[in-house]
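Architecture at a glance
Here are the chains, one letter per residue:
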Amino acid sequence: MDNNWSGTIEFHKFLKIQNLTRLRLSGNKPEVLMGSTSMNNATIVVPKFEYLVLRGCNISEFPDFLRSQDSLSQLDLSGNGLHGRVPKWMWNTSTQTLSNLNISHNFLSGFDRPPSTIPWVNLEILDLSSNSLVGEIPSLICNLTKLYYLDLSDNRLSGVLPQCLRVSSNDLQYLYLRNNNLTGKVSPQICNLTKLYYLDLSSNKLSGMLPQCLGPGLQYLKLANNSFHGILPQRFTTAGCDLRMIDVSHNRLQGQLPRSLANCASLEFLVLSNNQFDDVFPLWLGTLQELKILAMRHNGFYGVIGQPKKNLHFPELRILDLSYNSFRGKFPAEYIFSGNASRGITSEQGSYDHSYDHYLQCSISITNKGIEINYPKIQEDLVAIHLSGNKFEGNIPEFIGKLKGLRLLNISNNFFTGCIPSSFGNLRVLESLDLSQNQLSGVIPQQLSQLFFLEKFNVSHNNLTGRIPGGTQLSTFDVTSFEGNPGLCGDPLPKKCENIEVADNTVAICKVI
């Protein structure tokens, strides 16, 4: 039985259906009244469940009828109000058959008198995420020789990573330990987990250098928000690199990027932000046909970004964040974004998503004017260019006006000169435009009045002149979006436009330049 129940459900009525083996109650937060499910009454014959999902049913304690269950293969009590410790008697539930246990998103603090070994000998999936578990990760999980999915994320676990993982859990494919208080180093022997597919150790207090053996077999490597130092693993071979995502942001990593990353042909997301990398722009990554996100902000990257050679055009790139580095010279937008993917995207294409579970969706944070915006799920039509805080110069590339899927453009705090391209009026889905703190001149193009989705707009502290286009989306922004341009006039600035001809002549002057 699988329904999206709502309202109140009296669970004890299901226990009267003797042949019931599969039951799923979830969806619309039903209130399940467990009533009396005590096993003390010898006249009660409870069904032998094989598949039982009571997800989000407002259950506050482990149902007593589970004591008699010896045939369960899957048990899901996630998203309820379970609190305190998992009762001791749960260890005796379906010891030979249970393969999938999910008690995530509750308020559990631990287990009552855990045994020396976990009795669920066939357990393959264990999800205890989003609880209030404290203490060290128990080494007894290493006795689960068939375990391939372990999620302990979003708890209060502390201590070091269990060394036994490298010995007893060679079938482990998914290891989620993010957002805990884990400390210490990551042992190179974690590479003995040869089937490991997804490793998420982000948002802990881990330190030390990254094992150089990391990479082969892995597809998702998430180590953000720790205190790792040293260099990235250097050996990514063509035959051994299956990586699709690397997120090492918010650490203390340094040095150059390993050129062997160019061998990771399936790489889609490379997030290096907030480290101490010291290198030139990795034009050589342009060979990666699947690369969608390249985030490098707050590092020590430097130099002129030259024109890439043939076939180095980042054909699928959707997000480029180079902010707060030391890049200089002209920004070669036409070469980096020459792929049709960025130009042809429309808002009807829906969300970027993998065919896996929700953990495999990428998220990224983009800082705009001091506000960090987190995109928990990257949209297929999301294109963002963030160049703030560098030393780029010259005219703003006209080519950017062809990126019709562009939603965020921030080139503030650089040395761009010339005019604001009128082709920006073609960016019909643009939501945020920040051109502040440059040396731009000329007028604000009337074409920008066509940007109806614009929520953030800033051209302050430039050398712009003329009338601010009125009666448009631009009129919704306050004086801080335009201040620091002595030649600008009109609402919302206090300066009125007394000489309209001068304002109009600026258009011609700008075009001549």
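Throughout what follows, the structure given in this document is the object of discussion. (Residues numbered from 1 in each chain as written. Predicted model: local features only at pLDDT ≥ 70, side-chain atom pairs only at ≥ 80, totals over all residues. Heavy atoms only, no water.)

**Concerning the state of the cysteines**
Per the stated rule, a full pass over the model turns up three disulfides. With a sulfur-sulfur separation of 1.9 Å, Cys191 is cross-linked through a disulfide to Cys213. Its S-S torsion of approximately 80° makes the covalent link between Cys191 and Cys213 right-handed. With a gap of 22 residues between them, Cys191 in the loop between strand E15 (181-184) and strand E16 (198-200) and Cys213 in the loop between strand E17 (205-209) and strand E18 (220-222) connect regions that are remote in the sequence. Residue classification places Cys191 among the partly exposed residues on the basis of a relative accessible area of 24%. Under the relative-accessibility criterion, Cys213 is labelled partly exposed at 27%. Covalent S-S linkage joins Cys489 and Cys497, the inter-sulfur distance amounting to 1.9 Å. Judged by the sign of its S-S torsion, about 105°, the cystine formed by Cys489 and Cys497 is right-handed. For Cys489, a relative accessible area of 7% translates into the label buried. (Disulfide = S-S within 2.5 Å. Helix = DSSP H or I, 4+ residues; strand = E, 2+ residues; numbered from the N terminus. Buried < 20%, exposed > 50% of the residue type's maximum accessible area, 1.4 Å probe, protein only.)

**Some details on the nonpolar core**
Counting residues in hydrophobic clusters, the biggest one holds 127 residues, and the most contacted among them are Phe281, Leu294, Leu322, Phe331, Phe424, Ile444 and Phe457. If you list the elements that add at least two residues to this core, you get strand E3 (22-27), strand E5 (51-54), helix H2 (333-336), strand E30 (383-386) and strand E32 (406-410). If near-sequence neighbours (up to four positions away) are discounted, Phe331 is found in contact with Leu320, Leu322, Ile336, Phe337, Ile385, Leu387, Phe392, Pro397 and Phe416. Core analysis: the second largest hydrophobic core is formed by 15 residues, Tyr174, Tyr176, Tyr197 and Tyr198 among them. (Core = buried A, V, L, I, M, F, W, Y, C linked by side-chain atoms within 4.5 Å. Contact = heavy atoms within 4.5 Å.)

**So, the pairing of strand E13 (residues 156-159)**
Of the two faces of E13, only the one carrying Leu157 and Gly159 is buried; Arg156 and Ser158 on the other face are not. Strand direction decides the pairing type here: E13 and E15, joined by two bridges, are parallel. When the sheet's bridge partners are listed, Ser158 is paired in E15 with Asn181. (Pairing = 2+ DSSP bridges.)

**Things to note about empty space enclosed by the protein**
Taking a probe equal in size to a water molecule and rolling it over the atoms shows the remaining empty space. According to the stated counting rule, one finds two cavities of 30 Å³ or more in the structure shown. In this structure, the second largest cavity encloses a volume near 50 Å³. Along its surface, the second largest cavity is lined by Leu210, Leu221, Leu232, Pro233, Phe236, Ile246, Val248, Leu261 and Leu270. When its residues are assigned to classes, the lining of the second largest cavity shows nine nonpolar, no polar and no charged. (1 Å grid on protein atoms, 1.4 Å probe; cavity = no way out; pocket = protein on both sides within 12 Å on 5 of 7 lines; lining within 4 Å. Points joined across faces, edges and corners; volume = space filled by probe spheres on them. Nonpolar A, V, L, I, M, F, W, Y, C, P; charged D, E, K, R; others polar.)

**Things to note about the sheet that holds strand E19 (residues 227-230)**
Pairing within the open sheet is parallel, and its seven strands lie in the order E11-E13-E15-E17-E19-E21-E23. For this open sheet the edge positions go to strand E11 (134-136) and strand E23 (276-277), each flanked by a neighbour on one side alone. Of the pairings in the sheet, the one linking strand E21 (residues 252-255) to E23 comprises two bridges and is parallel in character. Across the sheet, Gly255 pairs through a bridge with Phe277, a residue of E23.

**Notes on the side chain of Ser99**
Relative to the elements of secondary structure, Ser99 occurs in the loop between strand E7 (83-86) and strand E8 (100-102). A relative accessible area of 17% places Ser99 in the buried class. In this view, Ser99 contacts Ser73, Asn122, Leu123, Glu124 and Ile125; residues no more than four positions away in its chain are not counted.

**Quick look at the sheet that holds strand E27 (residues 326-329)**
Spatial ordering of the open sheet is given by E25-E27-E31-E33-E35-E37-E38, a layout of seven strands whose pairing is parallel. Pairing within the sheet leaves two strands with one partner each, and these edge strands are strand E25 (302-304) and strand E38 (487-489). The average undirected angle you get between the axes of adjacent strands in this sheet is 20°. For strand E33 (residues 415-418) and strand E35 (residues 439-442), the ladder comprises two bridges, and the chain directions are parallel. Paired with Gly418 across the strands is Leu440, a residue of E35. (Axes fitted to C-alpha atoms, helices over the stretch in contact; angles between N-to-C directions.)

**Remarks on unusual backbone geometry**
Each neighbour pair has its own omega, and for Asp491 with Pro492 the value is 5°, a cis peptide bond. Assignment of secondary structure puts Pro492 in the loop between E38 and helix H4 (500-512). For Ser203, which is not a glycine, the phi torsion comes out positive at approximately 60°. At His250, a position not held by glycine, the phi torsion is positive, near 60°.

**Side note on the pattern of salt bridges**
The full count for this structure, using the stated rule, is 15 salt bridges. A salt bridge links Asp154 to Arg178; the shortest N-O distance between them is 3.6 Å. Placement of Asp154 in the loop between strand E12 (149-151) and E13 and of Arg178 in the loop between strand E14 (174-176) and E15 is noted, with a sequence separation of 24 residues between them. Close ionic contact of Asp171 with Lys195 constitutes a salt bridge, the shortest N to O distance being 2.9 Å. One end of the pair, Asp171, is in the loop between helix H1 (165-168) and E14; the other, Lys195, is in the loop between E15 and E16, with 24 residues separating them in the sequence. (Salt bridge = Lys/Arg side-chain N within 4 Å of Asp/Glu carboxyl O.)

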